[in-house]
Amino acid sequence: MHFRFSVLATITAVAIACTGPVQAADIPAPKGTVILTVANAQHAANVGDVLQFDRETLAVLGLETIETTTIWTDGKQVFEGVPLAVLVELIGVETGTFFAAAINDYTVEIPVTDAIHNGPIIAISHNGEDMSVRDKGPLWIIYPYDSSSKYRTEVIYSRSIWQLDRIEYVE
């Protein structure tokens, strides 16, 4: 199953990469279990008036890896996910705030200004494995904590929401 996902996501990502940056119109409606819904995404939508992603459609946006320590784990960890900057580009915003919500309705505010190159990712895997709800999944906002002291603050740690399943953009 994991191999099938990887092959399909890779083929789709390569096909889109050959045509330029991913646009909202390039994101198909998810066929699998929805793990992320993005509401109020300006003019970007693939299901009704929202963007919905299963693992495969989220991977289409392109994955990056962050290797870092965290305050919640022991030793160096490897996370793979979609850069928050890619999501910001996809929905076409430059200012404002995201309200990120977890499965248990815990929410945090993440300013769009956090979404920079080599910044946070929406992690879909941890140490090479898909994350289960029991292990902080299906998604976890991960910052590159070891890359700068600016990422090792209580404010940034509070934005590192796990069990993420919804994001709403607010101007």
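Above: the structure in question.
Presented here is an overview of the structure given in this document. (Residues numbered from 1 in each chain as written. Predicted model: local features only at pLDDT ≥ 70, side-chain atom pairs only at ≥ 80, totals over all residues. Heavy atoms only, no water.)

## Some points on the overall build of the protein chain
Stage number 1. From N to C terminus, the protein chain includes four helices and ten strands.
Stage number 2. Along its sequence from the N terminus, the protein chain presents helices and strands in the succession α-β-β-α-β-β-α-β-β-β-β-β-α-β.
Stage number 3. Counting over 171 residues, the protein chain shows a buried share of 45%. (Helix = DSSP H or I, 4+ residues; strand = E, 2+ residues; numbered from the N terminus. Buried < 20%, exposed > 50% of the residue type's maximum accessible area, 1.4 Å probe, protein only.)

## Some thoughts on the nonpolar core
Stage number 1. Among the nonpolar cores identified, the biggest contains 45 residues, and Leu36, Phe53, Leu58, Ile122 and Leu164 are the most heavily contacted of them.
Stage number 2. For Leu58, the contacting residues outside a window of four places in its chain are Ile35, Leu36, Phe53, Val82, Ile124 and Leu139. (Core = buried A, V, L, I, M, F, W, Y, C linked by side-chain atoms within 4.5 Å. Contact = heavy atoms within 4.5 Å.)

## Brief notes about helix H3 (residues 84-91)
Given 3.6 residues to a turn, an α-helix orients residues that are three or four positions apart in the same direction.
Stage number 1. Among the residues of H3, Leu84, Leu87, Val88, Leu90 and Ile91 are the ones counted as buried. Take H3 and look down its axis: the buried residues cluster within an arc of 160°, on one side only.
Stage number 2. Following H3 by one or two positions, Gly92 has its phi on the positive side, about 75°. (Arc of directions from axis to C-beta.)

## A word on the packing of aromatic side chains
Stage number 1. Inspection of every chain in the model, using the stated rule, returns ten aromatic pairs.
Stage number 2. Judged by centre distance (5.8 Å) and plane angle (85°), the rings of Trp72 and Tyr157 are edge-to-face. Taken together, the residues Trp72 in the loop between strand E3 (64-68) and strand E4 (77-83) and Tyr157 in helix H4 (residues 154-159) connect sequence positions 85 residues apart.
Stage number 3. Residue Tyr157 is classed as buried on the basis of its relative accessible area, which comes to 15%.
Stage number 4. Owing to a relative accessible area of 26%, Trp72 belongs among the partly exposed residues under this scheme.
Stage number 5. Ring pairs connect the aromatic residues Trp72, Phe79, Trp140, Tyr143, Tyr145, Tyr151, Tyr157 and Trp162, which therefore count as one cluster. (Phe/Tyr/Trp six-rings, centres within 6.5 Å; stacked < 30°, edge-to-face > 60°.)

## Side note on the side chain of Asp54
Stage number 1. Positionally, Asp54 belongs in the loop between strand E2 (51-53) and helix H2 (55-59).
Stage number 2. One buried charged side chain, Asp54, makes no salt bridge at all; its nearest oppositely charged neighbour is Lys31, positioned 8.2 Å away.
Stage number 3. Here the side chain of Asp54 touches Gly32 through a polar contact of 2.7 Å, landing on its backbone nitrogen.
Stage number 4. Within polar-contact distance, the side chain of Asp54 engages the backbone nitrogen of Glu56 at 3.2 Å.
Stage number 5. In contact with Asp54, other than residues within four places in its own chain, are Pro30, Lys31, Gly32, Thr33, Val34 and Ile35. (Lys, Arg positive; Asp, Glu negative; His and termini not counted. Salt bridge = Lys/Arg side-chain N within 4 Å of Asp/Glu carboxyl O. Polar contact = N/O pair within 3.5 Å; in protein donor to acceptor, adjacent residues only side chain to side chain.)

## Some points on the pairing of strand E5 (residues 97-102)
Working note: regular strand, side chains alternate between the two faces of the sheet.
Stage number 1. Where E5 and strand E6 (residues 107-111) come together, five bridges link them in antiparallel fashion. Of the residues in E6, the one forming a bridge with Thr97 is Pro111.
Stage number 2. Two successive antiparallel strands, E5 and E6, enclose a turn made up of four residues, where Asp105 displays a positive phi of approximately 75°. (Pairing = 2+ DSSP bridges.)

## Some thoughts on the pairing of strand E1 (residues 36-39)
Stage number 1. Burial along E1 is one-sided: the residues Leu36 and Val38 are buried and none of Thr37 and Ala39 is.
Stage number 2. Examined bridge by bridge, E1 and strand E10 (residues 164-170) share three bridges and lie parallel to one another. Counterpart to Val38 in the pairing with E10 is Ile167.

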